[in-house]
Amino acid sequence: MGWFWADSNVSIVNARGAAPPMPKDSNLSPPPGCPMHQSTLAVAKPPTPPAESACPYTPVDLSKDSSSTPPKYSKYNPLNYMFSDLSQDRAENQTVALPTEREPSTIPKGNGEGNWEYPSPQQMYNALLRKGYTDTDATAVESMVSVHNFLNEGAWAEIVEWERRFGQGLKKGWEMCKRGEEGALADTWMREQEVPQPKLLRFMGRPKEMTPKAAMIQVMGWIYPSAFGTEPPFDRHDWFVQRDYNGQKKEIRYVIDYYSGDPEPTGEPVFYLDVRPAVTPTTAVERMMRWGGDVWYRASGAKLRENETDQGRVN
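So, here is what we can say about the structure in this document. Keep in mind it's a predicted model, so treat the numbers as computed, not measured.

**Structural notes on the overall build of the chain**
Turning to step 1, where the next piece is worked out: Along the backbone of the chain there are 8 helices and 6 strands.
Turning to step 2, where the next piece is worked out: Traced from its N-terminal end to its C-terminal end, the chain shows the element sequence β-β-α-α-α-α-β-α-α-β-β-β-α-α.
Turning to step 3, where the next piece is worked out: The buried share among the 315 residues of the chain stands at 45%.
Turning to step 4, where the next piece is worked out: In the chain, once contacts between residues fewer than 6 apart in sequence are set aside, the share between residues at least 24 apart is 68%.
Turning to step 5, where the next piece is worked out: Only carbon and sulfur atoms are counted for the fraction: they give 54% of the accessible area of the chain, which is about 16800 Å².

Below you can see the structure in the form of C-alpha cells.
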C-alpha cells in the first residue's frame, strides 16, 4: 500500500497504537491504483496505464534526461513518489461527496516533524483519477482508504517488532529470539521503552518486481502445492526505516510482500503481510536468529520445560 503524504504539517501521534480494527464491511476492497486489488475487482477496471502510474514508485532513469529538461517524475514527492500537489477539491462529474479529513498514522517521520498522514478519501479519489482509473466507484473510496490504512498500520507494527528485537544489536536480539516467538514477544513488551522509536524515512512501491523469497515460494508451491501453494503477492513495498543505535542513525530497508487470502465465512477480506529486513550481512543474521531461535526453542523442548517450571512454582 503506502499512500502517505509528506507535503503538509501533520498532527503528532505520540502513542504507539496497534493497527486499527479491520473494517467489517464485506464489500471492502483495497484501492486499485495502489495496486491493492485483485484481477476480478469490479470497483475499478483500469485501462492499461502508462508505466508511471505504478503505485507509488517508478524508477527514474536519469541517464535519459537532458540537463535542460526536467525529469519525467519530478512532479512526484521524492519521499513517496506520489503527487505532492493533489487537490482536496471535488472532481469533475463527481456525484458523491467524499470526506476531506486526513487521518494521522502511528508512523513517525524521519525528519522528526510528527507522523505520516494518510490521504483523505477525496485525495485518494483524485489520485486514482489522475492515474487513469476514471471508472473508479466513488462510493467505494472510503472503504478503500480504510483497508489501505489498516494494512499500512499492520506493516508498521511488524517493522516495530523487528526493531524492538534488534534495535540494540545482535547480542540483545539473540537474548530475545532464543526464547522463541512467544517468549520474545513477552520480553519485547517488558523492554519496549529501552529501544528508541524507529522512523519511516521514505518508501517505494514495486508491484512489478517480485522478491526472491516470493519467487521461491511460487516455485515451492509448484513442486509441493499442498504445503506451499499460494497466489503471488499482489503488491510489494520497500520501506526505509531509521534505526537509532548507540547514538548513531542507521538506515534499514524493509521489504513487504502483500498476499490476499480466502475471505472469512462472513465475507470479510483476509490479507497476509510478509515483512522482513532486506538481506545484508547484518540483517541476514537477524533473520536467521529470529527463525532459528524459534525453531530451536520448540524443537529442543525448552517451551515444555519452562511450562513445567512455571507449574512447579505455582504448586
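Having seen the model, we can carry on.
**With respect to the layout of surface pockets**
Turning to step 1, where the next piece is worked out: Computed from the structure, the largest pocket encloses a volume of approximately 410 Å³.
Turning to step 2, where the next piece is worked out: Looking at the largest pocket, it is lined by 15 residues, and the ones nearest its centre are Trp162, Lys213, Arg287, Arg290 and Trp291.
Turning to step 3, where the next piece is worked out: Those elements that provide at least two residues to the lining of the largest pocket are β6 (270–277) and α7 (281–299).
Turning to step 4, where the next piece is worked out: For the lining of the largest pocket, the element with the most residues is α7, which contributes 8 residues.
Turning to step 5, where the next piece is worked out: Classifying every residue of the lining of the largest pocket gives 7 nonpolar, no polar and 8 charged.

**Structural notes on the packing of aromatic side chains**
Turning to step 1, where the next piece is worked out: In the structure shown here, the tally under the stated rule is 5 aromatic pairs.
Turning to step 2, where the next piece is worked out: Centroid distance Phe203 to Trp239: 6.3 Å. Interplanar angle 50°. Geometry classified as tilted. Of this pair, Phe203 sits in strand β3 (residues 199–205) while Trp239 sits in strand β4 (residues 235–245); the two residues are 36 residues apart in sequence, bridging distant segments of the chain.
Turning to step 3, where the next piece is worked out: A relative accessible area of 1% means that Phe203 is categorised as buried.
Turning to step 4, where the next piece is worked out: Members of the aromatic cluster, each reached through a chain of ring pairs, are Trp116, Phe203 and Trp239.
Turning to step 5, where the next piece is worked out: Just above the ring of Trp162 sits the side chain of Arg290; from NZ or CZ to the centre is 4.7 Å.

Calculation notes
Residues numbered from 1 in each chain as written. Predicted model: local features only at pLDDT ≥ 70, side-chain atom pairs only at ≥ 80, totals over all residues. Heavy atoms only, no water. Helix = DSSP H or I, 4+ residues; strand = E, 2+ residues; numbered from the N terminus. Buried < 20%, exposed > 50% of the residue type's maximum accessible area, 1.4 Å probe, protein only. Contact = heavy atoms within 4.5 Å. Areas by Shrake-Rupley, 256 points an atom, 1.4 Å probe, with all protein chains shown as cover. 1 Å grid on protein atoms, 1.4 Å probe; cavity = no way out; pocket = protein on both sides within 12 Å on 5 of 7 lines; lining within 4 Å. Points joined across faces, edges and corners; volume = space filled by probe spheres on them. Nonpolar A, V, L, I, M, F, W, Y, C, P; charged D, E, K, R; others polar. Phe/Tyr/Trp six-rings, centres within 6.5 Å; stacked < 30°, edge-to-face > 60°. Lys NZ or Arg CZ within 6 Å of the ring centre and 35° of its normal.

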